[in-house]
Amino acid sequence: MIFFLGLLICAIALIVIGAVIDGMLYLLSTGVLLLIAAVLYLLVRSVSRSRRRPAH
């Protein structure tokens, strides 16, 4: 969970910096990619956890 939070914080920081500072669109796009990676990580983690539980 700490990895997800770290990715999320970095992504939000890069998006804000890229949006505020003119000419830093590469930071904005990097932040968006990190945000997508964080969401995909959370999705894979939740799917892998749900498969471990036995069906009732």
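I will try to describe carefully the structure that is included in this document. Predicted model, so just to flag it, every value in this text is computed and none were measured. (Residues numbered from 1 in each chain as written. Predicted model: local features only at pLDDT ≥ 70, side-chain atom pairs only at ≥ 80, totals over all residues. Heavy atoms only, no water.)

The number of helices and strands found in the protein chain is two helices and zero strands. Against the 2.2 N^0.38 benchmark of 10 Å for 56 residues, the protein chain shows a C-alpha radius of gyration of 15 Å, more extended than a compact globule. With the C-alpha coordinates of the protein chain rotated into their principal frame, the extents come out at 55 × 15 × 10 Å. Among the 56 residues that make up the protein chain, the fraction classed as buried is 12%. If you take every contact in the protein chain between residues at least 6 apart in sequence, the share linking residues at least 24 apart comes to 43%. Here the protein chain displays about 4,500 Å² of accessible surface, and carbon together with sulfur accounts for 76% of that area. (Helix = DSSP H or I, 4+ residues; strand = E, 2+ residues; numbered from the N terminus. Rg over C-alpha atoms; globule rule 2.2 N^0.38 Å. Buried < 20%, exposed > 50% of the residue type's maximum accessible area, 1.4 Å probe, protein only. Contact = heavy atoms within 4.5 Å. Areas by Shrake-Rupley, 256 points an atom, 1.4 Å probe, with all protein chains shown as cover.)

So, about the packing of aromatic side chains. Aromatic ring pairs are described here by two measures, namely the spacing of the ring centres and the angle between the planes. Evaluated as defined, the whole model comprises one aromatic pair. Judged by centre distance (5.0 Å) and plane angle (75°), the ring pair of Phe3 and Tyr41 falls under edge-to-face. Taken together, the residues Phe3 in helix H1 (residues 2–20) and Tyr41 in helix H2 (residues 25–52) connect sequence positions 38 residues apart. Looking at Phe3, the relative accessible area reads 51%, which means it is exposed. (Phe/Tyr/Trp six-rings, centres within 6.5 Å; stacked < 30°, edge-to-face > 60°.)

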